Amino acid sequence: MTFGRRRRRPDDWSTSHARAHAALSDRLDGVLEPSEAGWLDEHLAGCVDCRRAAEAYDAQRLQLRAGRDHPPLPPRDLWARTAAAIEHESRFRDHRERAGGGIGRRPLAISSALVAALAVTVVVGTLISSQLSGGGGHATPNPSGVTTAAGSAGPTAQTAAPGATPIVVAQHVDYVKKGLDGRYQVTSLDVRSVCPESSDSCNTAAPTPAQEPGVQLTTKPQTVFGNRDRTQLIVVNEADQTQPASISVVPLPSSTPEASPPPSESAAPTSSAGASPTPSEPSATPAETSSATPSIAPTESGGSSGPPPSIPVTPSSTPGGPIEIAENVILVGQSAAYSPNGDWFAFTARPADGSAGPDIYVWKVGDSAARAVTNDHRSSFGSWLDEGTAIGSTVVETPGTNGQEPDRASVSFLIDPVTSKQVPLPQTGRTWLPSVDPSGQRAVYWTGSLRLKSDAPVFLPKAGRLVIGDWNPAGPAASDEPSSTPLSGDQAVERHETTIATGQLGDWDARWESTGRKLAVWIANADDPHVGVLSLYAVDPFDGRIDLKKPLLDGTPATAGFSISDGKLVWAEPAADGSGTGGRIFVLAWTDQGAGTVETVQDQVLVIR
Amino acid sequence: MVAALDNRIRLGGFGGGATMSGVWERDAAAGFVEELFAAHHGEIYAYLIRMLRDPELAADLTQDAFVKAYRNYDTLEKPENARAWLYQIAHRVALDHIRRQKIVRFLPWTGESRGAVPSAERLVMDSHLSADMQRALARIPERQRAALLLAELHDLTGLELAAALGVSHVAARALLTRARESLRQALAAERDAEALAESEADARAAANRPSRGAP
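Keep in mind that this is a model prediction, so the values were computed, not measured.

A few points about the sheet that holds strand β17 (residues 407-415) of chain A
Residues and elements named next belong to chain A.
- Strand order in the open sheet made by the four strands is β15-β16-β17-β18, with antiparallel pairing throughout. At either margin of the open sheet sits one strand with a lone partner, and together these are β15 (379-386) and β18 (422-424). Here the average twist between neighbouring strands, direction ignored, is 35°.
- Inspection of the sheet shows β17 paired to β18 by three bridges, in the antiparallel sense. Within the sheet, the bridge partner assigned to F413 lies in β18 and is P424.

What follows is the structure in structure tokens.
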């Protein structure tokens, strides 16, 4: 090694020993000046410590250089991964140059790879603008988020150049968007094609505003769930000065999203009231007797010029109106879900007054209220195993010694939503909140200890791992006749657990595509439970393994609450102000032919899960 | 990896789409980086694994380093400096990662069961450094560790080392001097810790041994 020629001076050193150490180092590198070498020899002759240092330097050099002969070997697929990332970068750069640098909202330094997806999204997003403003001559903004984008702060408008063949996806996306009147409107979008994820651009059809469900929410919901048939929403509201915390079911007007043609200009609704173009359900009839006042109101009952009237909840007398299925409860966790066929909805909740811990509730579609199926105040819903079987987990406490906090772990059980009968699953070991795949073979769950949240009777992970593991290990099938034999041996080995994340997680949400071919996992940030990162993984259909060398989406920022269904993943990016309401909806749609992404423009949006 | 952790985002793996060759033909930078990768990816990976002691992470960051090289191709003034320039990028990637490390750590998912962190045996095997040297290197400051590794194991010249570390050659010399002394002390501490552990084990064994000879 040869350094430049800046000669060290004797007065550079605080002590002669420090000077000797520097000279020893320079001697190893072959840059010691002859005059300094003479001084060093003299010093070493009289300094035992520095002689030992010289010997140590020589020895550690030999020890280090022994590693030269056997350098570590990089993984074989490193070039493939790097080449793919560079290709993404290349396409993004091309697009950025064409767009005049108009993207700029997402720091490139974050990622080299998703930028390709962003390139696609911006192209599609701008197509929306150009189609609606230029092609249709429809100047009036309509209530959909897409149309509003046409004249607002969307990406720089441009025309997509001919390129790759678009991928036909035919997806329908519902989300909630804050309207100009301050209400939250259920908004729909038809995505018929996307540009291939690996192409620069293509002549894809723009997403089109779909037939509006015509439902507005007068207050900002905490979260919203939609059923498979798009016939109803479950709206979760937090308590405020005007209303108690509640969970309500809001029927949606009948719709036929798959068959609906793109709306013509004249058919586009222009009223912010969002009246359904084809109302097929009778208007909700306000009842006069009720003590509850839900915060939701179908727009059929409200005019465009004033706030929609409250619709008292009398479920039995207003079959077409909203139903409050739970009041004065707070939704706990992220796992609430409809059953596979959509006949049930299960969730975890606790009393809003903090008087007790969480229990599992189920609501059968058509019933007037949800029903608690546990009453130990320490149980949480994990997922549905099948249409008639839910999986829950309960916290088991072992008293701590010497006044220490109790040790808390969890065991899981099956529960029949009809009879509330529970069947313990000791053979699954220490598992909490398992999200089981549609085949019932694998699950994402927490394994480790739990803690009690300091300011509420809610359990959170303490120490352990979020893993994917076999749900049906050796032994009787968990879904048929659960074994009463506790899991023996090493759980991580027996269940082939693979760690997704470790540490003191705040919250997470793991959901499977109904085919079991994709798994999406959202994990909350440690400092803000409303915001986290979302990843999407492909599951090998043959052996159930995950090819994590090529995650489909890896750690993209997302607000709590995403939606995954066959062929699409929908999420909201965190708003710039840090609020839990997202700033933009992203749709990643895929088929066997490839994948692409579209996005809405910036707005206050909320994914319908 | 989370914002607090690591906001890397990756999208891919769906198959289909354009071929790589079409990209390379129209992109000289990509071609250059491809050559650079062929020549240096092994040593860059080796440097990162020695710095970070995590094979999967080292692979990820090697990929990042070459993507950054592609992105910043224009900043390379002289092709003959490419190696040092590449090390400089890798060094910054490594330091950036170390700075971003938070409590919650996301692990690469290989589809195979494995522990939360690589085992000591795996690290020794992967880095081909002795266990006590691994531990001692981990004890010293990152910049000093980088200087030592680049000088002793990666054979960078003085000017290359200065360029890779992003400092003057005088500062690089000073950093190496401090690094050698830090490593000497860290190795001594490792030996002391090992000796203490052995003596404690001997004491325990002696205490558990049945006494003989006394009536």
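Remarks on the packing of helix α1 (residues 16-29) of chain A against helix α2 (residues 34-46) of chain A
Residue and element names in this part refer to chain A.
- Contact geometry of α1 with α2 gives a least axis separation of 10 Å together with a crossing angle of 120°. Classified by the interaxial angle, the pair formed by α1 and α2 is oblique. Where α1 crosses over α2, the two elements pack in a sense that is left-handed. Every residue of α2 that contacts α1 at S16, A20, A23 and R27 is listed here: E36, A37, L40, H43 and L44.
- Considering only residue class, the contact of α1 with α2 consists of five nonpolar, two polar and two charged.

Examining the sheet that holds strand β26 (residues 553-559) of chain A
Residue and element names in this part refer to chain A.
- Within the open sheet, the four strands sit side by side as β23-β24-β25-β26. Their pairing is antiparallel. Each of the sheet's edge strands pairs with one partner strand only, and the pair in question is β23 (508-512) and β26. Averaged over all pairs of adjacent strands, the angle between strand axes in this sheet comes to 20°, irrespective of strand direction.
- Examined bridge by bridge, strand β25 (residues 531-538) and β26 share five bridges and lie antiparallel to one another. Residue pairing for β26: V531 is matched across the bridge by T559.

As for the packing of α1(A) against helix α9 (residues 169-208) of chain B
- Running from N to C, α1(A) and α9(B) point in directions that differ by 105°, and their axes come no closer than 9 Å. Here α9(B) runs roughly perpendicular to α1(A), going by the angle between their axes. Residues H21(A), A22(A), S25(A), D26(A) and D29(A) of α1(A) touch α9(B), and the partners they reach there are R173(B), L176(B), T177(B), R180(B) and E181(B).
- Residue classes in the contact of α1(A) with α9(B) are distributed as two nonpolar, three polar and five charged.

Cut-offs and rules
Residues numbered from 1 in each chain as written. Chains lettered and ligands numbered in written order. Predicted model: local features only at pLDDT ≥ 70, side-chain atom pairs only at ≥ 80, totals over all residues. Pairing = 2+ DSSP bridges. Helix = DSSP H or I, 4+ residues; strand = E, 2+ residues; numbered from the N terminus. Axes fitted to C-alpha atoms, helices over the stretch in contact; angles between N-to-C directions. Parallel < 35°, antiparallel > 145°, perpendicular 65-115°, else oblique. Left-handed = near helix turned anticlockwise from the far one by under 90°. Contact = placed C-beta atoms within 7 Å. Nonpolar A, V, L, I, M, F, W, Y, C, P; charged D, E, K, R; others polar.

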